[in-house]
Amino acid sequence: MAKTDKIDAIKLLKQDHREVEDLFEQFEKATSKDRKAKIVEKICTELTIHSLIEEELFYPTFRGKIEDDILDEGYVEHDGAKVLIAELMAGAPDDPFYDAKVSVLSEEIEHHVKEEERPSEGMFAQCRRTDVDLDALGEKMAARKAELQAQIKASGLPTPETRSMKGAELVYGKPVEAPAA
């Protein structure tokens, strides 16, 4: 990578945010089930990769350097998204609640992005005020992202692993019926 091609860690993450926002907009405009399924697969792939590079590299780098609460919320927000990603990847556009799950995922991601990008006190603003070499971290993250893209291309999305949720034993009743179309 040439020196002028370097991207710092925060710029890399913001590029990911814009790409996923665009994918959610594409989903909203899609009319065919095949198109929706392809867009959802891309959304889930991009969010999975993004979450992994944040959780493996970005968040740990800033633990103890920025507010712990904001990092903890990031992990929990990722875990909530992972539940919906697993649901969507196991489902299909014909399934009840499919579009609703995409909508809720979009809203969760929108909130998460606002928390990270909020001026002055958001996660990224706090990170910029540290002594971390964001260019070096960006290089590591870009390399890991490329590695994950290759792994996913070869063997599909990994099973989501939550870091903040232990789960609970739940008793399920009869599933909610989707309203008639």
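Structure first, text after, so check above.
No experiment lies behind these values; they were computed from the predicted model shown. All residue numbers here refer to positions counted from 1 along the written sequence of the relevant chain. With pLDDT at 70 or above as the cut-off, local features in this predicted model cover only qualifying residues; side-chain atom pairs require 80 or more to be listed or tallied, and sums for whole chains, interfaces and linings still use all residues. Note that water and hydrogens are dropped before the side-chain values are worked out from all heavy atoms of the structure.

> Where do I start with the packing of helix H1 (residues 9-29) against helix H2 (residues 33-62) in this structure?
Axes are the key here: two packed helices are described by the angle between their axes and the distance separating the axes. Here, axes are lines fitted to C-alpha atoms. For helices the fit covers the stretch in contact, and angles between N-to-C directions go from 0 to 180 degrees. Runs of E in the DSSP output that reach at least two residues are strands. Runs of H or I that reach at least four are helices, and both are numbered from the N terminus. Contact geometry for H1 and H2: axes closest at 10 Å, N-to-C directions at 160°. The angle between the axes of H1 and H2 places the two elements in the roughly antiparallel class. Where H1 crosses over H2, the two elements pack in a sense that is left-handed. Between H1, through Ala9, Ile10, Leu12, Leu13, Asp16, His17, Glu19, Val20, Leu23, Phe24, Gln26 and Phe27, and H2, the contact on the second element is made entirely by Arg35, Lys36, Ile39, Val40, Lys42, Ile43, Glu46, Leu47, His50, Ile53, Glu54 and Phe58. Our angle categories are set so that under 35 degrees counts as roughly parallel, over 145 as roughly antiparallel, 65 to 115 as roughly perpendicular, and the remainder as oblique. A clockwise turn of the near helix away from the far one marks a right-handed crossing, whereas an anticlockwise turn of less than a right angle marks a left-handed crossing. Contacts are assigned to residue pairs that have any heavy atoms within 4.5 Å of one another.

> Please explain unusual backbone geometry as it appears in this structure.
The general pattern is negative phi for most residues beyond glycine and trans for most peptide bonds. In the Ramachandran plot, Phe97 falls in the positive-phi region, its phi being about 75° despite a non-glycine side chain. Inspection of the secondary structure puts Phe97 in the loop between helix H3 (68-90) and helix H4 (98-117). Since its relative accessible area comes to 37%, Phe97 is described here as partly exposed. Positive phi is not limited to glycine here, since Ser120 has a value of about 75°. Within the secondary structure layout, Ser120 lies in the loop between H4 and helix H5 (123-128). When a residue's accessible area, from a 1.4 Å probe over protein chains only, is under 20% of the maximum for its type it is buried; when over 50% it is exposed; and in between it is partly exposed.

> What is the right way to read a nonpolar patch on the surface from this model?
A cluster of nonpolar side chains, Val76, Val83 and Met165, forms an exposed patch at the surface whose accessible area comes to about 230 Å². Looking at the secondary structure, you find Met165 in the segment after helix H6 (134-155). When its relative accessible area of 36% is taken as the criterion, Met165 is described as partly exposed. Here, patches come from residues exposed beyond 30% relative accessible area and free of salt bridges, joined within 9 Å for like charges and within 5 Å for nonpolar side chains (Val, Leu, Ile, Met, Phe, Trp, Tyr). Throughout, the Shrake-Rupley method with a 1.4 Å probe supplies accessible areas, and for residues the shown protein chains are the sole cover considered. Think of a salt bridge as a Lys or Arg side-chain nitrogen and an Asp or Glu carboxyl oxygen that are within 4 Å of each other.

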